[in-house]
Amino acid sequence: MRRHLTAFAAIALAGGMLLTPGTANAAAPRITAPQGAVQADKPLAPLKLTVTYPRRAWAGDSYVYTLTTKNVGKWYTDIAYIGGYLPSQVSKVRVIRKPAGSYCEISGREVGCLLDTLNPGKTATIKVRVWLRNSARGTATADFGSASIDVPAGGLGTFDIHGIDIGSDVKYVRVKTRVLR
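For clarity, every value in this text was computed on a predicted model and none was experimentally measured.

## Observations concerning the state of the cysteines
Counting across every chain of the model gives one disulfide. Note that C104 is cross-linked by a disulfide to C113, the S-S spacing being 2.0 Å. Judged by the torsion about the S-S bond (115°), the C104/C113 disulfide is right-handed. In this structure C104 comes out as buried when scored by relative accessible area, which is 17%.

## Here we look at the packing of aromatic side chains
If you walk through the whole model with that rule in mind, you get two aromatic pairs. A ring pair is formed by Y63 and Y65, whose centres lie 5.2 Å apart and whose planes are at 70°; its orientation type is edge-to-face. Of the two residues, Y63 and Y65, neither departs from the other in class, the shared state being buried. A connected cluster of aromatic rings, assembled from ring pairs, spans Y63, Y65 and F144. The side chain of R55 reaches across the aromatic face of Y53, ending 4.4 Å from its centre. Against the face of W131 rests K92, its NZ or CZ located 4.5 Å from the ring centre.

## Re the pairing of strand β8 (residues 123-132)
The sheet contact formed by strand β3 (residues 62-71) and β8 spans nine bridges and is antiparallel. Bridge assignment links T69 to a residue of β8, and that residue is A124. Across six bridges, the pairing between strand β5 (residues 90-97) and β8 is antiparallel. Bridged to V95 within β8 is V128.

Calculation criteria
Residues numbered from 1 in each chain as written. Predicted model: local features only at pLDDT ≥ 70, side-chain atom pairs only at ≥ 80, totals over all residues. Heavy atoms only, no water. Disulfide = S-S within 2.5 Å. Buried < 20%, exposed > 50% of the residue type's maximum accessible area, 1.4 Å probe, protein only. Phe/Tyr/Trp six-rings, centres within 6.5 Å; stacked < 30°, edge-to-face > 60°. Lys NZ or Arg CZ within 6 Å of the ring centre and 35° of its normal. Pairing = 2+ DSSP bridges. Helix = DSSP H or I, 4+ residues; strand = E, 2+ residues; numbered from the N terminus.

So, in structure tokens, the structure goes:
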């Protein structure tokens, strides 16, 4: 596992931008970097996220979301993140499969995983099992995202972290499962 403290620091810097759609970030005031501060470019390792899920599920049953991300860039990732918000009809969540060297955390309806280095052309798969409540109705909607963040050479300690624009590439996928009764 490479530079996990750097990874956590960059995620903390990125704040809520990983799970917030880009339109919400566009409305936020833009902080300009102080003179002489380093500005990061777009990441060199963009990710492509694919989500496999059932189109229909029975209330009270469980089903699995399979989140597959592929590094479609020319360089390996410094930090790769996969996560999202699960439907409000969910009563229980478990990560049942993750790559070696990854760290996953679940908080209520949110799930997030930091991945180890992802080389160009390689994929990483995470499987999340969810259990629907017996009272579930309508459509279960989940939002997932993947992000690749490039950390400048030397890590975060080599530049002023205030006002820095971390280069990130966030992709979002919204999936809907119809709840059957």
